[in-house]
Amino acid sequence: MDLPTVLDADEPRAIDMHAHQPTSEFLHDAGGQMMRDAADRFGADLETDTYENMRAEYHDAGVGRAILLGWDAETNTGNPPVPNDYVADVRDEFDDFFIGFGSVDPLKDDCVEEAIRCVEDLELSGFKFQQIAQGFDPSDPEHDELWATIEDLGVPVVFHGGNSTLGVCSPGGRGLKIKYGNPMLIDDVAAEYPDLQILIAHPAYPWEKEQLAICQQKGNVYMDLSGWMPRYIDDQVLHYAKTLLSDTVMFGTDYPMLEPKPWLEQFAELEFDGETQRKILWENAEEFLGLDE
């Protein structure tokens, strides 16, 4: 199969909006048993790799940049976080490739202070929240100070959308509650913090229609296509990506669970026109991240 024709391997420009560490810090330490549940269910392995190999793999697929996401779900899961300092260090080592997003645990007392440190001291470019793993409702007023602070800091946030494979098929799903993945909980945040730029990760199964409605109605909400191989993405999501939401939808993989080249090969089968391919693969991301300024 061929990659999208708009990609140029000599000058890779596509941006993956959703990538995790291919190392033990994420796959083994932060992921713990709930990550092993997901790997066992889908016949995947949790073998680690290097950042050098990751960058080479991306460039071979025509992808020039990737958002490297932090992770802190320690309160709810008991697993250690992927430290924000570690994310910043990796970003600094591969500053031509990675854009670093921090993570703060909203259930920790110092979450606001840590959010400020991430931006002002570590110069991270945004934040990632995984509400199911972190065990919180983003619309709960107890988190208002955190959202107001991030809005004032002027950086975007990524929220998880939809179900999660973490803890899949285990007794009680390891205690994880999928209701926190409902994008309607993010709609409240978008309405109350209109200057907060929000990206909802994944097509939000089984709430795809709710997510599409939010992305239409809230000018500060975007979505990516990560976590699903393109041929399995809901037809209505793809229709909106080609039409009404062509300025709102972005490329993402969920690396290392999904790899860029196979994802892009399937994306090429979906017959998006060249202009829309460029929007989804990098132009919308450049605008969202302020890289086009």
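A few points on the structure. Because the structure is predicted, anything quoted here is derived from the model rather than measured.

Things to note about the overall build of the protein
Point 1. Looking only at helices and strands, the protein has 13 helices and 8 strands in total.
Point 2. Taken along the three principal axes of its C-alpha coordinates, the protein extends 50 × 40 × 40 Å.
Point 3. Taking as baseline every contact in the protein between residues at least 6 positions apart, the subset at least 24 positions apart corresponds to 81%.
Point 4. Accessible surface for the protein amounts to roughly 12,400 Å². Of this, 43% is attributable to carbon and sulfur atoms.
Point 5. Placing the 19 positive and 60 negative side-chain charges of the protein at their respective mean positions leaves the two points 6 Å apart.

Points about the side chain of His 160
Point 1. Locating His 160 in the fold gives a position in strand β5 (residues 157-160).
Point 2. When its relative accessible area of 4% is taken as the criterion, His 160 is described as buried.
Point 3. Here Gln 130 takes part through its side chain, which lies 3.4 Å from a polar atom of the side chain of His 160.

Quick look at the state of the cysteines
A covalent bond bridging the sulfur atoms of two cysteines is what the word disulfide describes.
Point 1. Scanning the entire structure with this criterion turns up 0 disulfides.
Point 2. Here Cys 118 stays unpaired: no disulfide links it, and the sulfur of Cys 111, its closest cysteine neighbor, is 11 Å away.
Point 3. A residue is classified by how much of its surface remains accessible, and Cys 118, at 0% relative accessible area, is buried.

Details of helix α6 (residues 111-120)
Point 1. Taken together, the buried positions of α6 are Cys 111, Val 112, Glu 114, Ala 115, Cys 118 and Val 119. Seen end-on, α6 carries its buried residues on one side only, within an arc spanning 165 degrees. For α6, the exposed residues set more than 90 degrees away from the buried face come down to Glu 113 and Glu 120.
Point 2. If you follow the buried residues of α6, they end up packed against α5 (84-93), β4 (127-129) and α8 (144-153).

Reading the values: the criteria
- Residues numbered from 1 in each chain as written.
- Predicted model: local features only at pLDDT ≥ 70, side-chain atom pairs only at ≥ 80, totals over all residues.
- Heavy atoms only, no water.
- Helix = DSSP H or I, 4+ residues; strand = E, 2+ residues; numbered from the N terminus.
- Contact = heavy atoms within 4.5 Å.
- Areas by Shrake-Rupley, 256 points an atom, 1.4 Å probe, with all protein chains shown as cover.
- Lys, Arg positive; Asp, Glu negative; His and termini not counted.
- Charge placed at Lys NZ, Arg CZ, Asp CG, Glu CD.
- Buried < 20%, exposed > 50% of the residue type's maximum accessible area, 1.4 Å probe, protein only.
- Polar contact = N/O pair within 3.5 Å; in protein donor to acceptor, adjacent residues only side chain to side chain.
- Disulfide = S-S within 2.5 Å.
- Arc of directions from axis to C-beta.

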